[in-house]
Protein chains: 2
Amino acid sequence: MIRSVIGDERVVLHEPLFRGNESKYVCECIETGWVSSVGAFVDRFEEDLQEITGAKKAVAVSNGTSALFIALKLCGVQQDDEVIVPALTFVATANAVAHCNAIPHLVDCETQTLGIDPHKLDIYLNDITKRVGSDTVNKKTGRRISAMVPMHCLGHPSQIGPLVDLSKKYSLKLIEDAAESLGSYYNSQHTGTFGDIGIFSFNGNKTITTGGGGAIVTNNHEIGKLAKHLTTTAKVPHSWDFFHDHVGYNFRMPNLNAALGCAQLESLDAFLDAKRRLASTYSEAFSNSEFVDFVTEPENCKSNYWLNAIVLKPEYQDQHDATLEFSNHQGIMTRPAWKLMHQLPMYEHCPRMNLEVSESIQSRLINIPSGPGIILGKIEP
Amino acid sequence: MIRSVIGDERVVLHEPLFRGNESKYVCECIETGWVSSVGAFVDRFEEDLQEITGAKKAVAVSNGTSALFIALKLCGVQQDDEVIVPALTFVATANAVAHCNAIPHLVDCETQTLGIDPHKLDIYLNDITKRVGSDTVNKKTGRRISAMVPMHCLGHPSQIGPLVDLSKKYSLKLIEDAAESLGSYYNSQHTGTFGDIGIFSFNGNKTITTGGGGAIVTNNHEIGKLAKHLTTTAKVPHSWDFFHDHVGYNFRMPNLNAALGCAQLESLDAFLDAKRRLASTYSEAFSNSEFVDFVTEPENCKSNYWLNAIVLKPEYQDQHDATLEFSNHQGIMTRPAWKLMHQLPMYEHCPRMNLEVSESIQSRLINIPSGPGIILGKIEP
């Protein structure tokens, strides 16, 4: 059935597509000498992201992981804090927490959005936490829970409205891991702009790419300014002197990479349109399948359909690995959901709730080819 | 006198020069779609670095700071350890230590190399440390001193031979911050290859650039393998599964940036030659100056002369800022040495020795234009 949509050739999962000004802008950097840590394309890329997402401030950085790490720092996450993280996510979400010497606290997702289940989380937090001053403290570990990081899984918006409410109820900072969801909207508002800070990734497998890259977005002017300052070595502007006022980081996105990103953003609408058309074709092809369900965008949401996914019906769960083996062998690149965070050795002892929904999805979900070129490559070769 | 060397135009401190295959290789990435975290240029760039430096293993990463951070981690630097760092260095050296939640312990440099003074350090360590088991412990703070990070300042090799001896005497790991010294040799051996690990930077202001980038080099096969693994999210190779066995980092150098680097390395010999010729011209121009001394390569060393520097004679020290103001105003980009680490608010309380040589140099040194294009631009426009 995948073949009926993608045709007979070898197809990878998500290949970048360069059909605009990519070479032109990148060569412009080389011709002018502006390839490195500052440049007009960095400024433009940040402005473009602000316009697309509606966030007041966007800061281009080296990748999604560094964006998340800085976001956690800026939200005041301290060593030995716990941070609410979905078990079903790419490892970077948990790693960024660990890089702060904090502890991921793993929670379950729900079937429709694949994101954190707000209802289940509310019951759980109500049960396991107590209030100590203005902090929410895990009664069992005694540690402060300082933030939550919902992740918009495969590009589908999580139930971010109820999650924002929960973050207020339990005084948690809210950082949206929107790494996969550029071009995805919840109630017509762009993902990444609901919490204190949001982050995006522009790795090579994402909807648009800068080679490697990411961004921090926020509506808080002070946080935005500090994000730029901390990710660019915390140097105080001066025409020749070298004075740094914080322990800063070098998480800059080079102008060369931003140039690629600016060209890619010019094609974003076309990519999103192509990806919706592909998803719609898949949806139709799988509509009468007795084996699988196709994952569609949640209600009141517009998804970028970053990675299309099918979920084996429970009675066919045991065909999961065989399906992956077979399709990859046939030249159709597919992959499973990530191993859940508690299935990885470094996070197996992290505090966690019952994760039965995540476990069920993880054992049945399969991502299928989703690049914009599958549609656009055919009509405009 | 600077004008007699560089001519009448506006000249910046160190501009990158692209006169080879830069655009070709970068466009090749875009045409083939291989712009991101793996690719043939990443492999080639690492192999080229191994050949140039003689190191058994080179790992390309996102920048020099991330290279240093991973190097410290791989050398076993723990939270609350102290790490010997020169006071006269770019802030990244101290930041990488702070990123490990360790404490920079600041030491003085000597006039000839601008690097750590091994003789002074030996006397100091002998005085302030005691042996506890196999550890060297700071008697005053009670903290373990676990490593030292000499920095080859402005591209001039430090006295790395005696520093290696000291690292053995005091059981310290030795990480060479060779960020500035690609193409610099101590006793005919490339800088960065003497200690346990060495690091390089390919920021836009360096001898060659990848836009933003760095590398870890080592002669230890196991460390090299782990460096690659940890900087690429610690993913265990598998055709479709996502299993990570460590808290990894995303410090990958994108293929797009490595492509630029491969083209730049093809010009390295020409750049180094041009920079030596420029240094030699400066040296001659300043040879009879009553105001300044020109900084030349140390004995038994070959320097890449990354940034040329003049040092005001002590009696003209008070002309330092005025000289900087005047030359920058005239369109000759000059800059002072970095603020010493203990002059920055986040490191002002770090343990330190008497830093009188660093302080004297810092108040008198001025970097002057040093890009390879100053020579090559003239003869091959």
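Rules and cut-offs
Residues numbered from 1 in each chain as written. Chains lettered and ligands numbered in written order. Predicted model: local features only at pLDDT ≥ 70, side-chain atom pairs only at ≥ 80, totals over all residues. Least-squares fit on C-alpha atoms with pLDDT ≥ 70 in both. Contact = placed C-beta atoms within 7 Å. Axes fitted to C-alpha atoms, helices over the stretch in contact; angles between N-to-C directions. Helix = DSSP H or I, 4+ residues; strand = E, 2+ residues; numbered from the N terminus. Parallel < 35°, antiparallel > 145°, perpendicular 65-115°, else oblique. Left-handed = near helix turned anticlockwise from the far one by under 90°. Nonpolar A, V, L, I, M, F, W, Y, C, P; charged D, E, K, R; others polar. Expected span 1.5 Å × (residues − 1). Buried ≥ 20, exposed ≤ 12 C-beta atoms within 10 Å, placed from the backbone. Arc of directions from axis to C-beta. Pairing = 2+ DSSP bridges.

## Looking at the relation of the copies chain B and chain A
The two copies are related by a screw operation: chain B maps onto chain A through 180 degrees of rotation and 0.0 Å of translation along the axis, at an RMSD of 0.0 Å. Within this description, the copies of the chain are treated as partners about a two-fold rotation axis. Most of the interface of chain B is mirrored in chain A: 100% of its interface residues are interface residues there too.

## Details of the packing of helix H4 (residues 64-74) of chain A against helix H5 (residues 91-99) of chain A
Residues and elements named next belong to chain A. Where H4 meets H5, the axes come as close as 9 Å, and the angle between the chain directions of the two elements is 45 degrees. Our classification of the angle between H4 and H5 gives oblique. The handedness of the crossing between H4 and H5 is right-handed. Across from Gly64, Thr65, Leu68, Phe69 and Leu72 in H4, the residues of H5 making contact are Ala92, Thr93, Asn95, Ala96, Val97 and His99. Class assignment for the residues of the contact of H4 with H5 results in six nonpolar, five polar and no charged.

## Quick notes on helix H3 (residues 40-53) of chain B
All names here are of chain B. The first and last C-alpha atoms of H3 sit 20 Å apart over 14 residues, in line with the 20 Å expected at 1.5 Å per residue. Of the positions making up H3, those classed as buried are Phe41, Val42, Phe45, Glu46, Asp48, Leu49 and Thr53. Each buried residue of H3 lies within a common arc of 160 degrees when the element is viewed along its axis, so the set occupies one face. Facing away from the buried side of H3, by more than 90 degrees, are the exposed residues Glu47 and Glu51. Packed against the buried residues of H3 are helix H2 (22-32), strand S1 (57-61), strand S9 (189-190), strand S11 (214-218) and helix H9 (255-266).

## What about the sheet that holds strand S13 (residues 301-302) of chain B?
Residue and element names in this part refer to chain B. In space, the three strands of this open sheet follow the order S9-S8-S13, with antiparallel pairing throughout. Since the sheet does not close on itself, it has two edges, and those belong to S9 and S13, each with one partner. Pairing of strand S8 (residues 185-186) with S13, which is carried by two bridges, proceeds in the antiparallel orientation. From the neighbouring strand, Tyr185 faces S13, where its bridge partner is Lys302.

## Some thoughts on the environment of B:Tyr185
Residue and element names in this part refer to chain B. Relative to the helices and strands, Tyr185 resides in strand S8. With 19 C-beta atoms packed within 10 Å, Tyr185 lands in the partly exposed category. Here the alpha-carbon distance between Tyr185 and Ser158, two residues 27 residues apart in the chain, equals 9.9 Å. When residues no more than four places from it in sequence are discounted, the contact partners of Tyr185 are Pro157, His190, Thr191, Cys301 and Lys302.

## Notes on the interface of chain B and chain A
On the side of chain A, 53 residues touch chain B, which itself brings 53 residues to the contact. Secondary-structure elements contributing two or more residues to the side of chain B that touches chain A are H2, helix H5 (91-99), H9, helix H11 (320-329) and strand S15 (335-336) of chain B. Considering each element in turn, the side of chain B that touches chain A owes the most residues, five residues, to H2(B). Broken down by class, the residue content of the side of chain B that touches chain A amounts to 22 nonpolar, 24 polar and seven charged.

## A few points about the pairing of strand S5 (residues 135-138) of chain A
All names here are of chain A. Pairing of strand S4 (residues 129-132) with S5 involves four bridges; the strand directions are antiparallel. Bridged to Arg131 within S5 is Thr136. Taking the residues that link successive antiparallel strands as the turn, the S4-S5 hairpin has two residues, and the phi of Gly133 there is positive, at about 60 degrees. Bridge analysis of S5 against strand S6 (residues 144-148) gives two bridges, and the strand direction is antiparallel. Among the inter-strand pairings, Val137 is bridged to a residue of S6, identified as Arg144. Where S5 folds back on S6, the antiparallel hairpin that results is connected by five residues, among which Gly142 adopts a positive phi of roughly 75 degrees.

## A short note on the sheet that holds strand S14 (residues 308-312) of chain B
Residues and elements named next belong to chain B. If you walk across this open sheet you meet the four strands as S12-S14-S16-S15, and the pairing is antiparallel. Each edge of the open sheet is held by one strand with a lone partner, namely strand S12 (292-294) and S15. Sheet analysis places S14 next to strand S16 (residues 365-368), joined by four bridges and oriented antiparallel. Residue pairing for S16: Ile310 is matched across the bridge by Ile366.

## Observations concerning helix H10 (residues 268-285) of chain A
All names here are of chain A. Look at H10: 25 Å from first C-alpha to last across 18 residues, which is about the 26 Å you get at 1.5 Å a residue. Every buried residue belonging to H10 is among Phe271, Leu272, Ala274, Lys275, Leu278, Ala279 and Tyr282, and all of these are buried. Looking straight down H10, one finds that the buried residues subtend no more than 165 degrees of arc, so they occupy a single side. With respect to the buried face of H10, the exposed residues turned more than 90 degrees away are Asp269, Ser280 and Glu284.

## Brief notes about the pairing of strand S7 (residues 173-177) of chain A
Residues and elements named next belong to chain A. With respect to burial, S7 is a largely interior element, four of its five residues being buried. Strand direction decides the pairing type here: S6 and S7, joined by two bridges, are parallel. What sits directly across from Met148, in S7, is Leu174. Pairing between S7 and strand S10 (residues 197-201): three bridges, direction parallel. The residue bridging Asp177 from the neighbouring strand is Ile199, located in S10.

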